[in-house]
Amino acid sequence: MKIIVCDNHHEASKYVAEIFIKQVQNKPNSVLGLATGSTPIEMYYYLIKDHKLNNTSYRDVITINLDEYVKLEASNSQSYHYFMEKHLFSGIDINKSNTFIPDGTGDINANIKAYNDLLENINIDIQLLGIGRNCHIGFNEPDDEFQIGTHLVNLKQSTIDDNARLFFDGDYSLVPKQAITVGVKAIMSAKQIILLATGKQKAQAISNFLNSQINPQFPASILHAHNNVVLVLDKGAASLIGKDSYDYTE
Ligand code: PGA
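Rules used in this analysis
Residues numbered from 1 in each chain as written. Predicted model: local features only at pLDDT ≥ 70, side-chain atom pairs only at ≥ 80, totals over all residues. Heavy atoms only, no water. Core = buried A, V, L, I, M, F, W, Y, C linked by side-chain atoms within 4.5 Å. Buried < 20%, exposed > 50% of the residue type's maximum accessible area, 1.4 Å probe, protein only. Helix = DSSP H or I, 4+ residues; strand = E, 2+ residues; numbered from the N terminus. Contact = heavy atoms within 4.5 Å. Axes fitted to C-alpha atoms, helices over the stretch in contact; angles between N-to-C directions. Parallel < 35°, antiparallel > 145°, perpendicular 65-115°, else oblique. Left-handed = near helix turned anticlockwise from the far one by under 90°. Nonpolar A, V, L, I, M, F, W, Y, C, P; charged D, E, K, R; others polar. Near = heavy atom within 4 Å. Polar contact = N/O pair within 3.5 Å; in protein donor to acceptor, adjacent residues only side chain to side chain. Areas by Shrake-Rupley, 256 points an atom, 1.4 Å probe, with all protein chains shown as cover.

Caption draft 1: Structural detail: the nonpolar core. Core analysis: the biggest nonpolar cluster contains 78 residues, and Phe 20, Ile 206 and Leu 223 have the highest contact counts within it. Considering each element in turn, this core owes the most residues, six residues, to helix α1 (residues 9-26). Apart from residues lying up to four places away in sequence, Phe 20 is in contact with Leu 32, Gly 33, Leu 34, Met 43, Leu 47, Ile 126, Gln 127, Leu 128 and Ile 194.

Structure, rendered in C-alpha coordinates:
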(Lines give C-alpha, C1' and ligand atoms only; values in the text may rest on other atoms or scores of the structure.)
Protein backbone atom coordinates (compact mmCIF):
# COMPACT_ATOMS: atom_id res chain seq x y z
CA MET A 1 0.00 0.00 0.00
CA LYS A 2 1.34 3.38 -0.97
CA ILE A 3 0.77 6.33 1.36
CA ILE A 4 0.97 9.93 0.19
CA VAL A 5 0.81 12.62 2.86
CA CYS A 6 -0.10 16.09 1.65
CA ASP A 7 0.10 19.30 3.66
CA ASN A 8 -3.63 19.82 3.92
CA HIS A 9 -7.07 18.91 2.58
CA HIS A 10 -6.72 21.16 -0.48
CA GLU A 11 -3.44 19.59 -1.56
CA ALA A 12 -4.77 16.07 -0.95
CA SER A 13 -7.91 16.86 -2.97
CA LYS A 14 -5.80 18.24 -5.82
CA TYR A 15 -3.51 15.21 -5.74
CA VAL A 16 -6.44 12.82 -6.09
CA ALA A 17 -8.11 14.96 -8.75
CA GLU A 18 -4.93 14.78 -10.82
CA ILE A 19 -4.93 10.99 -10.64
CA PHE A 20 -8.52 10.88 -11.89
CA ILE A 21 -7.91 13.49 -14.60
CA LYS A 22 -4.92 11.53 -15.92
CA GLN A 23 -6.98 8.34 -15.84
CA VAL A 24 -9.70 9.91 -17.98
CA GLN A 25 -7.23 11.56 -20.34
CA ASN A 26 -5.37 8.29 -20.86
CA LYS A 27 -8.55 6.21 -21.17
CA PRO A 28 -11.54 8.33 -22.21
CA ASN A 29 -13.97 5.45 -21.62
CA SER A 30 -12.75 4.78 -18.09
CA VAL A 31 -15.05 3.31 -15.48
CA LEU A 32 -14.74 5.43 -12.33
CA GLY A 33 -15.93 4.17 -8.95
CA LEU A 34 -17.10 7.24 -7.05
CA ALA A 35 -17.80 8.16 -3.44
CA THR A 36 -19.85 10.75 -1.60
CA GLY A 37 -19.47 12.48 1.77
CA SER A 38 -17.74 15.68 2.76
CA THR A 39 -14.26 14.47 1.82
CA PRO A 40 -14.46 14.27 -2.00
CA ILE A 41 -16.35 17.54 -2.58
CA GLU A 42 -13.24 19.61 -3.23
CA MET A 43 -11.67 16.85 -5.33
CA TYR A 44 -14.79 16.94 -7.56
CA TYR A 45 -14.48 20.72 -7.76
CA TYR A 46 -10.99 20.28 -9.23
CA LEU A 47 -12.33 17.82 -11.81
CA ILE A 48 -14.90 20.41 -12.89
CA LYS A 49 -12.28 23.17 -12.96
CA ASP A 50 -10.01 21.05 -15.13
CA HIS A 51 -12.91 20.12 -17.43
CA LYS A 52 -13.66 23.81 -17.97
CA LEU A 53 -10.02 24.88 -18.38
CA ASN A 54 -8.57 21.93 -20.27
CA ASN A 55 -11.61 20.30 -21.84
CA THR A 56 -10.96 16.91 -20.27
CA SER A 57 -14.04 15.08 -21.49
CA TYR A 58 -16.23 12.65 -19.57
CA ARG A 59 -18.46 11.95 -22.57
CA ASP A 60 -17.48 8.28 -22.68
CA VAL A 61 -16.83 7.79 -18.96
CA ILE A 62 -18.98 5.47 -16.86
CA THR A 63 -19.39 6.14 -13.14
CA ILE A 64 -20.45 3.68 -10.47
CA ASN A 65 -21.28 5.07 -7.03
CA LEU A 66 -20.78 3.14 -3.83
CA ASP A 67 -24.00 3.72 -1.96
CA GLU A 68 -27.28 5.49 -1.39
CA TYR A 69 -29.59 6.03 1.55
CA VAL A 70 -32.78 4.03 1.76
CA LYS A 71 -36.04 5.92 1.19
CA LEU A 72 -34.52 9.17 -0.09
CA GLU A 73 -35.76 10.14 -3.52
CA ALA A 74 -33.13 11.37 -5.99
CA SER A 75 -34.73 14.79 -5.71
CA ASN A 76 -34.08 14.93 -1.94
CA SER A 77 -31.18 17.32 -1.33
CA GLN A 78 -29.57 14.84 1.09
CA SER A 79 -29.62 11.90 -1.31
CA TYR A 80 -26.40 10.81 -2.95
CA HIS A 81 -28.09 11.13 -6.35
CA TYR A 82 -28.55 14.82 -5.58
CA PHE A 83 -25.02 15.10 -4.18
CA MET A 84 -23.43 13.70 -7.34
CA GLU A 85 -25.48 15.95 -9.59
CA LYS A 86 -24.63 19.01 -7.51
CA HIS A 87 -20.95 18.39 -6.88
CA LEU A 88 -19.84 16.71 -10.09
CA PHE A 89 -22.22 15.68 -12.86
CA SER A 90 -23.72 19.12 -13.49
CA GLY A 91 -20.22 20.54 -14.02
CA ILE A 92 -18.84 18.04 -16.55
CA ASP A 93 -19.97 16.69 -19.90
CA ILE A 94 -20.91 13.25 -18.63
CA ASN A 95 -23.75 11.33 -20.26
CA LYS A 96 -26.27 10.83 -17.42
CA SER A 97 -27.19 7.40 -18.74
CA ASN A 98 -23.59 6.35 -17.98
CA THR A 99 -23.89 7.24 -14.28
CA PHE A 100 -24.99 4.58 -11.81
CA ILE A 101 -26.00 4.98 -8.16
CA PRO A 102 -27.97 2.40 -6.16
CA ASP A 103 -31.68 3.22 -5.96
CA GLY A 104 -32.80 3.39 -2.33
CA THR A 105 -36.49 3.73 -3.13
CA GLY A 106 -39.18 1.27 -4.19
CA ASP A 107 -38.35 -2.44 -4.29
CA ILE A 108 -35.03 -2.57 -2.41
CA ASN A 109 -34.35 -6.25 -3.15
CA ALA A 110 -34.90 -5.72 -6.87
CA ASN A 111 -32.65 -2.64 -6.76
CA ILE A 112 -29.90 -4.60 -5.00
CA LYS A 113 -30.11 -7.37 -7.58
CA ALA A 114 -30.02 -4.84 -10.42
CA TYR A 115 -26.90 -3.21 -8.99
CA ASN A 116 -25.17 -6.56 -8.53
CA ASP A 117 -26.04 -7.49 -12.13
CA LEU A 118 -24.57 -4.21 -13.30
CA LEU A 119 -21.37 -4.77 -11.29
CA GLU A 120 -20.98 -8.28 -12.71
CA ASN A 121 -20.69 -6.78 -16.16
CA ILE A 122 -18.39 -3.89 -15.52
CA ASN A 123 -14.74 -3.48 -14.58
CA ILE A 124 -13.94 -0.45 -12.46
CA ASP A 125 -10.64 1.12 -13.49
CA ILE A 126 -10.20 3.31 -10.45
CA GLN A 127 -12.21 3.39 -7.25
CA LEU A 128 -12.36 6.44 -5.00
CA LEU A 129 -13.00 5.72 -1.33
CA GLY A 130 -13.46 7.76 1.80
CA ILE A 131 -13.32 6.17 5.22
CA GLY A 132 -15.66 6.43 8.20
CA ARG A 133 -14.38 6.97 11.73
CA ASN A 134 -15.34 3.32 12.32
CA CYS A 135 -13.29 2.26 9.25
CA HIS A 136 -16.27 1.74 6.97
CA ILE A 137 -15.68 1.92 3.23
CA GLY A 138 -18.74 2.67 1.16
CA PHE A 139 -21.29 1.83 3.84
CA ASN A 140 -19.63 -1.48 4.68
CA GLU A 141 -19.96 -1.10 8.42
CA PRO A 142 -18.02 -3.10 11.05
CA ASP A 143 -19.52 -6.58 11.18
CA ASP A 144 -18.74 -10.20 12.07
CA GLU A 145 -18.07 -10.95 8.42
CA PHE A 146 -17.46 -9.04 5.22
CA GLN A 147 -20.49 -8.59 2.98
CA ILE A 148 -19.49 -9.64 -0.51
CA GLY A 149 -22.18 -8.19 -2.73
CA THR A 150 -24.41 -5.14 -2.78
CA HIS A 151 -26.59 -5.21 0.31
CA LEU A 152 -28.93 -3.38 2.63
CA VAL A 153 -27.12 -2.12 5.72
CA ASN A 154 -28.23 -0.78 9.09
CA LEU A 155 -25.99 2.21 9.69
CA LYS A 156 -24.02 2.30 12.93
CA GLN A 157 -24.76 5.03 15.42
CA SER A 158 -21.36 6.69 14.84
CA THR A 159 -22.12 6.88 11.11
CA ILE A 160 -25.56 8.36 11.76
CA ASP A 161 -23.99 10.87 14.17
CA ASP A 162 -21.32 11.90 11.66
CA ASN A 163 -23.85 12.24 8.87
CA ALA A 164 -26.12 14.36 11.07
CA ARG A 165 -23.21 16.59 12.03
CA LEU A 166 -22.07 17.15 8.46
CA PHE A 167 -25.39 17.01 6.61
CA PHE A 168 -29.12 17.02 7.40
CA ASP A 169 -28.71 20.37 9.22
CA GLY A 170 -27.60 18.47 12.31
CA ASP A 171 -31.05 16.87 12.70
CA TYR A 172 -30.51 13.22 13.68
CA SER A 173 -34.15 12.36 13.13
CA LEU A 174 -33.75 13.12 9.42
CA VAL A 175 -30.74 10.84 8.84
CA PRO A 176 -31.78 7.56 7.22
CA LYS A 177 -30.89 4.57 9.37
CA GLN A 178 -30.37 2.27 6.39
CA ALA A 179 -28.52 2.39 3.10
CA ILE A 180 -27.74 0.25 0.08
CA THR A 181 -24.03 -0.21 -0.42
CA VAL A 182 -21.83 -2.21 -2.73
CA GLY A 183 -19.97 -4.97 -0.91
CA VAL A 184 -16.25 -5.62 -0.75
CA LYS A 185 -16.24 -7.62 -4.00
CA ALA A 186 -17.00 -4.59 -6.16
CA ILE A 187 -14.47 -2.44 -4.33
CA MET A 188 -11.73 -5.06 -4.41
CA SER A 189 -12.21 -5.84 -8.07
CA ALA A 190 -11.28 -2.28 -9.08
CA LYS A 191 -7.90 -2.17 -10.81
CA GLN A 192 -6.75 0.69 -8.60
CA ILE A 193 -8.13 2.07 -5.34
CA ILE A 194 -7.53 5.60 -4.06
CA LEU A 195 -8.56 6.24 -0.47
CA LEU A 196 -8.76 9.92 0.41
CA ALA A 197 -8.91 10.85 4.10
CA THR A 198 -8.20 14.18 5.71
CA GLY A 199 -8.43 15.68 9.16
CA LYS A 200 -7.38 14.52 12.61
CA GLN A 201 -10.81 12.96 13.13
CA LYS A 202 -9.78 10.26 10.61
CA ALA A 203 -6.36 9.55 12.14
CA GLN A 204 -7.55 6.77 14.44
CA ALA A 205 -9.45 5.00 11.65
CA ILE A 206 -6.40 5.13 9.39
CA SER A 207 -4.12 3.81 12.11
CA ASN A 208 -6.64 1.12 13.12
CA PHE A 209 -6.98 -0.40 9.70
CA LEU A 210 -3.31 -0.10 8.78
CA ASN A 211 -2.32 -1.86 11.96
CA SER A 212 -5.01 -4.53 11.74
CA GLN A 213 -4.95 -7.86 10.01
CA ILE A 214 -7.84 -8.24 7.58
CA ASN A 215 -10.76 -8.02 9.98
CA PRO A 216 -14.43 -7.23 9.24
CA GLN A 217 -14.60 -5.13 12.40
CA PHE A 218 -12.25 -2.72 10.54
CA PRO A 219 -13.76 -2.96 7.05
CA ALA A 220 -11.02 -0.90 5.36
CA SER A 221 -8.52 -3.57 6.42
CA ILE A 222 -9.69 -5.63 3.41
CA LEU A 223 -7.57 -3.22 1.35
CA HIS A 224 -4.47 -5.08 2.59
CA ALA A 225 -5.46 -7.79 0.12
CA HIS A 226 -5.41 -5.45 -2.91
CA ASN A 227 -2.18 -4.86 -4.80
CA ASN A 228 -2.80 -1.31 -6.03
CA VAL A 229 -4.04 0.94 -3.24
CA VAL A 230 -2.93 4.53 -2.70
CA LEU A 231 -3.88 6.29 0.52
CA VAL A 232 -3.90 10.05 0.06
CA LEU A 233 -3.93 11.75 3.45
CA ASP A 234 -3.29 15.12 4.96
CA LYS A 235 -1.04 15.55 7.96
CA GLY A 236 -3.96 15.29 10.37
CA ALA A 237 -5.21 11.96 9.04
CA ALA A 238 -1.64 10.63 8.91
CA SER A 239 -0.78 11.77 12.43
CA LEU A 240 -1.03 8.34 14.10
CA ILE A 241 0.76 6.13 11.58
CA GLY A 242 4.28 4.83 11.85
CA LYS A 243 6.25 6.10 8.88
CA ASP A 244 8.61 3.12 8.61
CA SER A 245 6.17 0.41 7.73
CA TYR A 246 4.86 1.76 4.43
CA ASP A 247 5.90 3.30 1.16
CA TYR A 248 5.43 6.73 2.69
CA THR A 249 5.92 10.02 0.84
CA GLU A 250 5.43 13.50 2.33
P1 PGA B 1 -16.90 11.90 5.05
O2 PGA B 1 -17.41 10.43 4.98
O3 PGA B 1 -16.18 12.18 3.79
O4 PGA B 1 -18.15 12.75 5.16
O5 PGA B 1 -16.02 12.00 6.25
C6 PGA B 1 -16.52 9.45 4.53
C7 PGA B 1 -17.16 8.11 4.61
O8 PGA B 1 -18.02 7.90 5.48
O9 PGA B 1 -16.78 7.22 3.82
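Caption draft 2: Representation of the environment of Tyr 82 in the model. The residue Tyr 82 is located in helix α3 (residues 80-87) in this model. Placed 10 residues apart in sequence, Tyr 82 and Leu 72 show a C-alpha to C-alpha distance of 9.9 Å.

Caption draft 3: Here's a closer look at the packing of α1 against helix α2 (residues 41-54). With their axes 8 Å apart at the nearest point, α1 and α2 run at an angle of 50° to one another. When the interaxial angle is binned, α1 and α2 end up oblique. When the axes of α1 and α2 are compared, the crossing they make is right-handed. Of α2, the residues touching α1 (which contributes His 9, His 10, Ser 13, Lys 14, Val 16, Ala 17, Phe 20, Ile 21 and Gln 25) are Glu 42, Met 43, Tyr 46, Leu 47 and Asp 50. Taken together, the residues that form the contact of α1 with α2 break down as seven nonpolar, four polar and three charged.

Caption draft 4: Highlighting the site of the ligand. Taken together, Gly 37, Ser 38, Thr 39, Gly 130, Ile 131, Gly 132, His 136, Leu 166 and Lys 202 form the complete shell of residues around the ligand. At 2.4 Å, a side-chain N or O of Thr 39 approaches an oxygen atom of the ligand. Ile 131 is positioned with one of its backbone polar atoms (N or O) 3.5 Å from an oxygen atom of the ligand. In the complex, 85% of the free accessible area of the ligand, which totals 280 Å², lies under the protein chains. Per-class residue counts for the shell around the ligand are two nonpolar, six polar and one charged.

By themselves, these observations are geometric and do not establish any function.
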